Amino acid sequence: MPDIPPGITTAQSAAHSAIGDRADGLIGLSRDIWNHPEPGFREHRTARVVAEFMRESGLEPREFVAITGVIARLDTGRPGPHIAIMGELDSLIVPEHRAADPQTGAAHVCGHNIQLGNMLAAAVGLSRPEVLETLNGSISFMAVPAEEYIEIEYREGLRDSGEIEFLAGKQEFIRLGELDDVDIALLTHVDPSEMHALRPGTSHNGMIAKSVRFVGRSAHAGGGPHLGINALNAANLAMQGIALLRETFQDDDHVRIHPIITRGGSAVSSVPANVTMEMFIRAASIEAIQDAEVKVDRALRAGAMAIGATVDISTSPGYMPSKLNPELSEVYDEAVIELLGESGVGRMPHRTSSTDMGDVSLLMPSMQSYASGASGRTHSDEFEITDWELDVVTAGKALASTAITLLGNSADRAKEIVDGFDAPLTVAEYLETLRGFRRTETWDGQ
């Protein structure tokens, strides 16, 4: 591990002290958000709570970015790179969870509430004058909406009304230019694990989303089924075709396809004539996503053809595959070792889940760390936060220390990482690629 200049060590100590002084409030805020979950682009209360905390901490937040996003920026007054420390505002919808909202079914079963806590903890530490005076460049604290890709029909309505173009928050931040002058992005997620660790990830699958509607012809299901065209049968055949494609995918591409039927018919006594599905197609590269999509669309058309139905296929861009920056992870490790010792570091291997941090990682050096301190399966009714101190306070200290190392000493470490990063896409190329996934097709057998 390289020597850390003494000035940075002093600044880190000051940041840690400031975070420690407000530990109870930071954990309380994270618990409050846990108890008031809101899904993507609906996080109005959560955004208000975050903005109020920022103002109480001497920051000047901008609100309503991409509907519910909140951004506050610290500028050292000296030239240097711009770091974004991010947290995600939204929850999932898992009505079975003990802490689910009784009206909406929303629940924080992916732990985004602790992201907001550790992001704000870093803000508390880095905004201390004795810390800022040792740094070059600037730091933005970004509370971003809608990381979980859910409620697609609702979000498509927002898109149709012109409120958004893309269905995920970081994509909207990129489209709106909020990341145009950002050089480095950092985020800490939670991970159910028995370890006591803060481990950066390496990569994730990307994905696209499809909304599918099979249209048949209704008829009396008992008295005249021969007069109908069963759209549910068409959907079932399509799902079988998708399942039988598995052997055509290469292991290294980590392809995952998981459809659900969102509407299976109107009444049991009527032949289903209007059946809808949603699905994700995930893979480790854009090329593998495109290959899988061709095969899935073929299976959807085949199901419709076999039954004599029509199928409408609407495709939306999801997330890009992530390639997280190893040099940033090494800087982060230095902070973690100081906080937790050698046993607290490590790497999360490739994950077949997806995140819109993948989109950010194609444009700039990015790190997504994983804090243990949770139990149960993510996205399930068993998920719980078990170590609030680690996930909020210690993780916030690690983010603050990482930013100090990057921007201290004339920001040499940050400049080295930024200069050595070869972005796979420019913003313009990224937006063109994302828009290229959007299409609607109707197949009626012709």
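Nothing here was measured: the structure is a model prediction, and the numbers come from that model. (Residues numbered from 1 in each chain as written. Predicted model: local features only at pLDDT ≥ 70, side-chain atom pairs only at ≥ 80, totals over all residues. Heavy atoms only, no water.)

*Asks:* Honestly, the environment of A51 in this entry has me stumped. Any pointers?
*Replies:* Along the polypeptide, A51 turns up in helix 3 (residues 44-56). Considered as a pair, A51 and M348 are 297 residues apart in the sequence and their alpha carbons are 31 Å apart. Setting aside anything within four residues of it in sequence, one finds A51 in contact with P61, E63 and V70. (Helix = DSSP H or I, 4+ residues; strand = E, 2+ residues; numbered from the N terminus. Contact = heavy atoms within 4.5 Å.)

*Asks:* Would you mind showing me how to read the side chain of T188 here?
*Replies:* By secondary structure assignment, the location of T188 is in strand 7 (residues 184-192). Setting aside its immediate chain neighbours within four residues, T188 contacts I114, Q115, N118, Y332, S369, A371, A395 and L399.

*Asks:* What am I meant to see in the sheet that holds strand 10 (residues 206-215) here?
*Replies:* Each strand in a sheet pairs with its neighbour through backbone hydrogen bonds, running either in the same direction (parallel) or in the opposite one (antiparallel). Reading across from one edge, 11-12-10-13-17 is the order of the five strands in this open sheet, with antiparallel pairing throughout. The open sheet has two edge strands with one neighbour each: strand 11 (256-263) and strand 17 (439-443). Put simply, the sheet's adjacent strands are angled 20° from each other on average, direction ignored. Here ten bridges tie strand 10 to strand 12 (residues 274-283), and the two strands are oriented antiparallel to one another. Its bridge partner being in strand 12, I208 is matched across the sheet by I281. Along the sheet, helix 9 (residues 286-307) contacts strand 10, strand 11, strand 12, strand 13 (310-319) and strand 17; its crossing angle with strand 10, the most-contacted strand, is approximately 10°. (Pairing = 2+ DSSP bridges. Axes fitted to C-alpha atoms, helices over the stretch in contact; angles between N-to-C directions.)

*Asks:* Looking at this model, I keep getting lost on the packing of helix 12 (residues 388-407) against helix 13 (residues 412-419). Mind explaining?
*Replies:* What describes two packed helices is the angle between their axes and the distance between those same axes. Contact pair helix 12 / helix 13: the axes reach a minimum separation of 4 Å and the direction vectors enclose 85°. Here helix 12 lies roughly perpendicular to helix 13, going by the angle between them. Facing helix 12, whose interface residues are T405, L406 and L407, helix 13 presents D412, R413, A414 and I417. Here the residues of the contact of helix 12 with helix 13 are counted per class, giving four nonpolar, one polar and two charged. (Parallel < 35°, antiparallel > 145°, perpendicular 65-115°, else oblique. Nonpolar A, V, L, I, M, F, W, Y, C, P; charged D, E, K, R; others polar.)

*Asks:* In this structure, what is going on with the nonpolar core? I would like to understand it.
*Replies:* Soluble globular proteins tend to bury their nonpolar side chains together. Ranked by internal contacts, the top residues of the largest apolar core, which has 76 residues, are V50, M54, I85, M119, L126, F141 and L198. For this core, the element with the most residues is helix 12, which contributes twelve residues. Setting aside residues up to four positions removed in sequence, I85 forms contacts with M119, A122, L126, I139, S140, F141, M142, L186, L399 and A403. With 54 residues, the next largest nonpolar core counts I71, I229, A235 and L431 among its residues. (Core = buried A, V, L, I, M, F, W, Y, C linked by side-chain atoms within 4.5 Å. Buried < 20%, exposed > 50% of the residue type's maximum accessible area, 1.4 Å probe, protein only.)

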